[in-house]
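Coordinate analysis (summary)
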Amino acid sequence: MIKTRLCEILGIEYPVLQGGMAWVSEARLASAVSEAGGLGIIGSGTAPADWVRSEVRKTKELTSKPFGVNVMLMSPFAEDVIKVIIEEKVAVVTTGAGNPGKYVPALQEAGTKVIPVVSSVALAKRLERYHIDAIIAEGTESGGHVGELTTMTLVPQVVSAVKVPVIAAGGIGDGRGFAAALALGAVGVQMGTRFVCSAECTVHPKVKETIIKAKDRDTVVTGRPTGHPVRCIRNKLTRQFEELESQCVDPAELEKLGVGKLRAAMQDGDVAYGSVMAGQISGMVQEIKPVRDIINDIVTEASEIIRQMGSLVGESSCE
Ligand code: TUI
């Protein structure tokens, strides 16, 4: 059993968040994670506000436990999605791909906890001034939109720079990663890719299969020239990106090539020409498991590691 102050802040049993993933984490996955004692998060991506409202209502029917919504701040519907979150009194909002500062007061007034995702110390410090409830430091190992720093280097630097509780994300897929995150000073973890390969995830089955087949070096970051680099499983689409990037084409061309590709992969199963956004832990995901087992297994494994590490210290350290 692992309890941290994040459990009290969010009213959850285990300090494990399921990353909000566009076209992947809908009511079914989010409610399963919350029911299992973690925090499930609906990924709103570029979906319109009505879709978000409908998933929020479905989630409320499936669980009475707290859950969250992730707002992708580059979405044209971000502001409308925030309004829905306020109206529906969603317990937690996480944000990605931007600075959520201007939305924080209204969300907190509605009783929603605000947890932005950052990939740099500078943004973490800027956001702390808005009295956010916690912060997610996401390393470049993660899937989708990524920053430059690794989880191993980003998390301790953010922990040292801010007073708010820090949640580690990026590259965490089992109890070893969970224990390591706690060692870096985090109060919890967020996992995305591991939950994609859960029984309850409604993503196209070919996506789960692709992640399970992937090896350690099978993800690649493309789109750096656009300013919005994304990590995906290598396929025909990422090769097209690499080819265009090597020719230094106009970044607008690259943006155009990416339109609609995440949905094509995640919903329609086009794993060759779609964006199969997944993190570097893809190489260690070996099977589809129920959400409850994923959470129980990582908590049990991390507890055992922490217990064993405790016995390394002290007089019997050579044994
Ligand atoms: O948001 C994510 N990951 C995502 S969003 C997404 S949907 C998408 N679709 C097409 C193209 C791009 C994205 C897929 N994956 N992670 C959280 C995250 N946010 N990581 C890094 C950041 C971030 C980056 C820059 C947050 C803020 C920021 O700068 C804000 C500022 O104003 O300085």
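No experiment lies behind these values; they were computed from the predicted model shown.

Notes on the overall build of the protein
From N to C terminus, the protein includes 14 helices and 11 strands. For a compact globule of 319 residues, the expected C-alpha radius of gyration is about 20 Å, and the protein comes in at 19 Å, within 12% of that figure. Principal axes of the C-alpha set define a box for the protein whose edges measure 60 × 45 × 35 Å. Considering only contacts within the protein whose residues lie at least 6 apart along the sequence, 60% involve residues at least 24 apart. For the protein, the accessible surface area stands at approximately 14200 Å², while carbon and sulfur atoms represent 52% of it. Considering the protein, the positive charge centre built from 34 side chains and the negative charge centre built from 37 side chains are found 2 Å apart.

What to know about the packing of helix H11 (residues 236–246) against helix H12 (residues 251–258)
Contact geometry for H11 and H12: axes closest at 10 Å, N-to-C directions at 170°. As far as their axial angle goes, H12 and H11 are roughly antiparallel. In this structure, H11 contributes Leu-237, Gln-240, Phe-241, Leu-244 and Glu-245 to the contact, and H12 contributes Leu-254, Leu-257 and Gly-258. In the contact of H11 with H12, the residues fall into five nonpolar, two polar and one charged.

Observations regarding a nonpolar patch on the surface
On the surface, a nonpolar cluster with roughly 320 Å² of combined accessible area is contributed by Met-309, Leu-312 and Val-313. Turning to its location among the elements, Val-313 is positioned in the segment after helix H14 (291–310).

Things to note about the sheet that holds strand S7 (residues 144–145)
Read across the open sheet, the three strands follow the order S7-S11-S10; overall the sheet is antiparallel. In this open sheet, the two strands that pair with only one neighbour each are S7 and strand S10 (219–222). Across two bridges, the pairing between S7 and strand S11 (residues 230–233) is antiparallel. Residue His-145 lies in a different strand from S11, and its bridge partner there is Val-230. H11 contacts S10 and S11 of the sheet and is inclined by roughly 40° relative to S10.

As for the packing of helix H8 (residues 175–183) against H14
The interhelical angle for the contact between H8 and H14, taken along N-to-C directions, is 55°, at an axis separation of 7 Å. As judged from the angle between their axes, H8 and H14 are oblique. Considering how the two elements wind past one another, H8 and H14 form a crossing that is right-handed. Listed contacts from H14 to Gly-175, Arg-176, Phe-178, Ala-179 and Leu-182 of H8 are Ile-298, Val-299, Glu-301, Ala-302, Ile-305 and Ile-306. When the residues that make up the contact of H8 with H14 are grouped by side-chain class, the tally is eight nonpolar, one polar and two charged.

Some points on the site of the ligand
Ala-97, Val-117, Leu-123, Glu-138 and His-145 are the nearest of the 15 residues found near the ligand. Between the ligand and Glu-138 there is a distance of 3.1 Å, counted from a nitrogen atom to a side-chain nitrogen or oxygen. At a separation of 2.9 Å, a nitrogen atom of the ligand approaches a polar backbone atom of His-145. The protein chains hide 73% of the 720 Å² of surface that the ligand would expose on its own. Looking at the shell around the ligand, the elements with two or more residues in it are helix H6 (121–128) and S7.

Topic: the environment of Val-56
On the secondary structure map, Val-56 appears in helix H3 (residues 49–62). The contacts of Val-56, once residues within four sequence positions are left out, are Ile-42, Phe-67, Val-69, Glu-88 and Val-90.

Side note on unusual backbone geometry
Of note in the backbone geometry, Trp-23 takes a positive phi value of approximately 65° without being a glycine. Looking at the secondary structure, you find Trp-23 in the loop between strand S1 (16–18) and helix H2 (27–35). Judged by relative accessible area, Trp-23 falls into the partly exposed class, the value being 21%. Phi at Cys-248 takes a positive value of approximately 55°, unusual for a residue other than glycine. Here Cys-248 lies in the loop between H11 and H12. Here Cys-248 falls in the exposed class, since its relative accessible area comes to 67%.

Criteria and thresholds
Residues numbered from 1 in each chain as written. Predicted model: local features only at pLDDT ≥ 70, side-chain atom pairs only at ≥ 80, totals over all residues. Heavy atoms only, no water. Helix = DSSP H or I, 4+ residues; strand = E, 2+ residues; numbered from the N terminus. Rg over C-alpha atoms; globule rule 2.2 N^0.38 Å. Contact = heavy atoms within 4.5 Å. Areas by Shrake-Rupley, 256 points an atom, 1.4 Å probe, with all protein chains shown as cover. Lys, Arg positive; Asp, Glu negative; His and termini not counted. Charge placed at Lys NZ, Arg CZ, Asp CG, Glu CD. Axes fitted to C-alpha atoms, helices over the stretch in contact; angles between N-to-C directions. Parallel < 35°, antiparallel > 145°, perpendicular 65-115°, else oblique. Nonpolar A, V, L, I, M, F, W, Y, C, P; charged D, E, K, R; others polar. Patch = residues over 30% accessible without salt bridge, like charges linked within 9 Å, V, L, I, M, F, W, Y side chains within 5 Å. Salt bridge = Lys/Arg side-chain N within 4 Å of Asp/Glu carboxyl O. Pairing = 2+ DSSP bridges. Left-handed = near helix turned anticlockwise from the far one by under 90°. Near = heavy atom within 4 Å. Polar contact = N/O pair within 3.5 Å; in protein donor to acceptor, adjacent residues only side chain to side chain. Buried < 20%, exposed > 50% of the residue type's maximum accessible area, 1.4 Å probe, protein only.

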